[in-house]
Amino acid sequence: MRKLLIVLITLAVFGGAGLPKAKAMDPVTIAMLAPYAIPVAEVAGQYALKGLGNAAKGMPDVFWDMVEVFMLPVGVLEVTLGVPFGLFTNGCSNIGTGCVAPFKLCFSTLMLVPRLLCLYNK
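Reading the values: rules and limits
Think of each chain on its own: its residues are numbered from 1, step by step along the sequence as written. Where local features are concerned, this predicted model is filtered to residues with pLDDT of at least 70; where side-chain atom pairs are given and counted, the filter is 80 or more; whole-chain, interface and lining totals use all residues. The side-chain values count all of the structure's non-hydrogen atoms but skip hydrogen atoms and water molecules. Counting from the N terminus, the helices are DSSP H or I runs at least four residues long and the strands are E runs at least two residues long. We take the radius of gyration over the C-alpha atoms and set the globule estimate at 2.2 Å times the residue count to the 0.38 power. Here's how the labels work: a residue is buried when its accessible area is under 20% of the maximum for its type, exposed when over 50%, partly exposed in between, all with a 1.4 Å probe on protein chains only. Expected helix span is given by 1.5 Å per residue-to-residue step, counting one fewer step than there are residues. By definition, no residue in a patch forms a salt bridge, and every one has over 30% relative accessible area; like charges are joined within 9 Å, nonpolar side chains (Val, Leu, Ile, Met, Phe, Trp, Tyr) within 5 Å. Residue burial considers only the protein chains on display, and all accessible areas are found by Shrake-Rupley using a 1.4 Å probe. Throughout this description, the term salt bridge denotes a Lys or Arg side-chain nitrogen within 4 Å of a carboxyl oxygen of Asp or Glu. Each residue carries a pLDDT score, the predictor's own confidence in it, on a scale running from 0 to 100. Bend at a residue means the angle formed by two fitted axes: the first through the 7 residues ending at that position, the second through the 7 residues beginning there. A contact between two residues is defined here by any heavy atoms of the two lying within 4.5 Å.

Now for the overall build of the chain. Secondary structure assignment for the chain yields 5 helices and 0 strands. Against the 2.2 N^0.38 benchmark of 14 Å for 122 residues, the chain shows a C-alpha radius of gyration of 27 Å, more extended than a compact globule. A principal-axis box enclosing the C-alpha atoms of the chain has dimensions of 80 × 65 × 15 Å. By the burial criterion, 16% of the 122 residues in the chain qualify as buried.

On to the environment of V13, then. Take V13: it is sitting in helix α1 (residues 2-14). Assessed through its relative accessible area of 55%, V13 is described here as exposed. V13 sits 91 residues away from K104 along the chain, and the two C-alpha atoms are 42 Å apart.

Every α-helical turn comprises 3.6 residues, leaving residues that sit three or four positions apart pointing alike. An ideal rise of 1.5 Å per residue puts 18 Å on 13 residues; α1 measures up with 18 Å between its terminal C-alpha atoms. Across the 13 residues that make up α1, only a small minority, 0, are buried.

A cluster of nonpolar residues, L49, L52, V113, L116, L117 and L119, forms a patch on the protein surface that exposes about 650 Å² of accessible area. Along the polypeptide, L52 turns up in helix α2 (residues 27-69).

For the chain, per-residue confidence averages 87 on the pLDDT scale, and residues scoring 70 or more make up 93% of the total. Mean pLDDT across the elements of the chain bottoms out in α1 (81) and peaks in helix α4 (residues 88-110) (95).

Next up on the list: unusual backbone geometry. The phi torsion at C118 lies on the positive side, around 60 degrees, for a residue other than glycine. Locating C118 in the fold gives a position in the segment after α5 (112-116).

Scanning all chains against the criterion turns up 2 salt bridges. Where D61 meets R115, a salt bridge forms, and the shortest distance between an N and an O atom there is 3.7 Å. Here D61 is found in helix α2, whereas its partner R115 is found in helix α5, with 54 residues between them in sequence. The shortest N-O distance in the salt bridge between E68 and K104 comes to 3.2 Å.

The end-to-end C-alpha separation of α2 is 53 Å, well short of the 63 Å expected for 43 residues at 1.5 Å each. At A34, α2 shows its maximal kink, close to 50 degrees; a proline, P35, follows between one and four residues later. Among all positions in α2, only G51, N54, A55, G58, V62, D65 and E68 are buried. Those residues of α2 that are buried lie in contact with α3 (71-80), α4 and α5.

Here it is in C-alpha cells:
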C-alpha cells in the first residue's frame, strides 16, 4: 500500500510535465540570415558595452549601501555598550544611517537597470 501511494504521488507530481521537443533551425536559414545579423550584432555590441560601463559606475553605490546596512547593529552596540565611553551620539547617528540604508540599497539596485539601458547617467 505504501509503495502504491508513493507511485501515485510521483505520477501526480510529474505526470503533467511533458518531455520537451527538440526544435532545430534549418542550417540553410542560418546561412541566409547571417549576412544581415552580423552588422546588427556589431552595432548592438557597442551599445551593450556602453550600458555595461554605465552599470559598472553604479556598482560602488550598491556596495556602499550594503556596507551601510551593517551600521544599524554597530549603532545599537554603541548606544548600549558605548555609553560610558561617550559613543551615544555617534551610535544614534549610525542607527539612523542603518535604518535608511536598506531603502537606499533598493533604490541603487533598481537604478542599475536604467543605467544599463543608458537612460540614467549620474
